[in-house]
Amino acid sequence: MKRTTQLRNMLNTPRTEFLMEAHNGLSAAIVEEAGFKGIWASGLSISASMGLRDNNEASWSQVLDTLEFMSDAASIPILLDGDTGYGNFNNARRLVKKLEQRGIAGVCIEDKLFPKMNSFIDGEAQPLAGIDEFCGKIKAMKDTQNDEHFVVVARVEAFIAGWGLKEALKRAEAYRKAGSDAILIHSGRSDSAEIESFMMEWGGRLPVVIVPTKYYSTPTTRFVELGTSLVIWANHNLRASISAMQQISRKINLDESLIHVENGIATVEEVFRLQRAGELQEAELKYLPGLVTD
Ligand code: SPV
Ligand code: MG
């Protein structure tokens, strides 16, 4: 089944499904191997892994290059966190064209202004896009996609910006009418009150996607009860790798030795396995003329 269809099915089944963050080819392969059905290509994680801020400092074509590695390294669908679409409707529709060429299953755009700022940094100070302008962007993206199953998710930042439930519902409804395939409702609260209020009023008009980074203590069963379609674990591979790299770098620097670290980290053979080194050896037997050794 095509990856676009797989992602669309994840949104449209009555079950709650899950996407796990990845930010490069290696993490994409690891997410797939762990058993996830799909990948969130997080803007925060991709930019951080480049040593950059989540403010569109990476160019959109650099993000595209990263996605190409991810798309090659994993066979499950990838939903790109496309920020604001990297410009106006014209940039956003060109993005869709390029994503489809690279086998990306869908993109999520948020109703903020380019260059964006991460939602958890001074969220309330962040201006929102005009509703009409954002709807035009969604329409342009939907009109551009070649594959009818390519997914466009509209992300509502009304709660993040402190504009409240009424505005969140108004925007979600406008984005639905503009043709989006799902609504991502975001919240920076440490409890799920905003999400719950939205879900009660929304009434399943379109599938809903959530990102419980800040309200992580809400049990997943609650998201299921609320009828959430997709839950995104948005940055946890990046954060896990930061902790692991900080620890190992400090320890090796302190010890000036590898004696106490070797057993606690992935073996070199594990790196080769994840790179699929075995496949190359088999291909060499098949395609390379035999080496003359004597
Ligand atoms: C991301 O993963 O980049 C997101 C989710 O957009 S958040 O960081 O919560 O805004
Ligand atoms: Mg993001």
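Scroll up to find the structure.
An account of the accompanying structure is given in this report.

1. Some remarks on the site of ligand 1
Then comes step 1: In the vicinity of ligand 1, the contacting residues are Trp-40, Ser-42, Gly-43, Leu-44, Asp-81, Asn-118, Ser-119, Phe-120, Arg-155, His-186 and Ala-234.
Then comes step 2: Here Leu-44 contributes a backbone N or O atom positioned 2.8 Å from an oxygen atom of ligand 1.
Then comes step 3: A distance of 2.7 Å separates an oxygen atom of ligand 1 from a polar side-chain atom of Asp-81.
Then comes step 4: Its residues assigned to classes, the shell around ligand 1 shows 4 nonpolar, 5 polar and 2 charged.

2. Quick word on helix α1 (residues 3-12)
Then comes step 1: Of all the 10 residues making up α1, 7 are buried; the element is thus mostly covered by neighbouring parts of the structure.
Then comes step 2: Listed as buried for α1 are Arg-3, Thr-4, Thr-5, Leu-7, Arg-8, Met-10 and Leu-11.

3. A word on the packing of aromatic side chains
Then comes step 1: The final tally for this structure, using the stated rule, is 4 aromatic pairs.
Then comes step 2: For the pair Phe-198 and Trp-202, a centre-to-centre distance of 5.4 Å together with 20° between the ring planes defines the contact as stacked. Taken together, the residues Phe-198 and Trp-202, both in helix α8 (residues 193-202) and 4 residues apart, mark about one turn of the helix. Each member of the pair, Phe-198 as well as Trp-202, carries the same accessibility label: buried.
Then comes step 3: On the numbers, 5.8 Å between centres and 80° between planes, the contact of Tyr-215 with Phe-223 is edge-to-face. Each member of the pair, Tyr-215 as well as Phe-223, carries the same accessibility label: buried.
Then comes step 4: Above the ring of Phe-120, the side-chain terminus of Lys-214 is found at 4.9 Å from the ring centroid.

What counts, and at which threshold
Residues numbered from 1 in each chain as written. Chains lettered and ligands numbered in written order. Predicted model: local features only at pLDDT ≥ 70, side-chain atom pairs only at ≥ 80, totals over all residues. Heavy atoms only, no water. Near = heavy atom within 4 Å. Polar contact = N/O pair within 3.5 Å; in protein donor to acceptor, adjacent residues only side chain to side chain. Nonpolar A, V, L, I, M, F, W, Y, C, P; charged D, E, K, R; others polar. Buried < 20%, exposed > 50% of the residue type's maximum accessible area, 1.4 Å probe, protein only. Helix = DSSP H or I, 4+ residues; strand = E, 2+ residues; numbered from the N terminus. Phe/Tyr/Trp six-rings, centres within 6.5 Å; stacked < 30°, edge-to-face > 60°. Lys NZ or Arg CZ within 6 Å of the ring centre and 35° of its normal.

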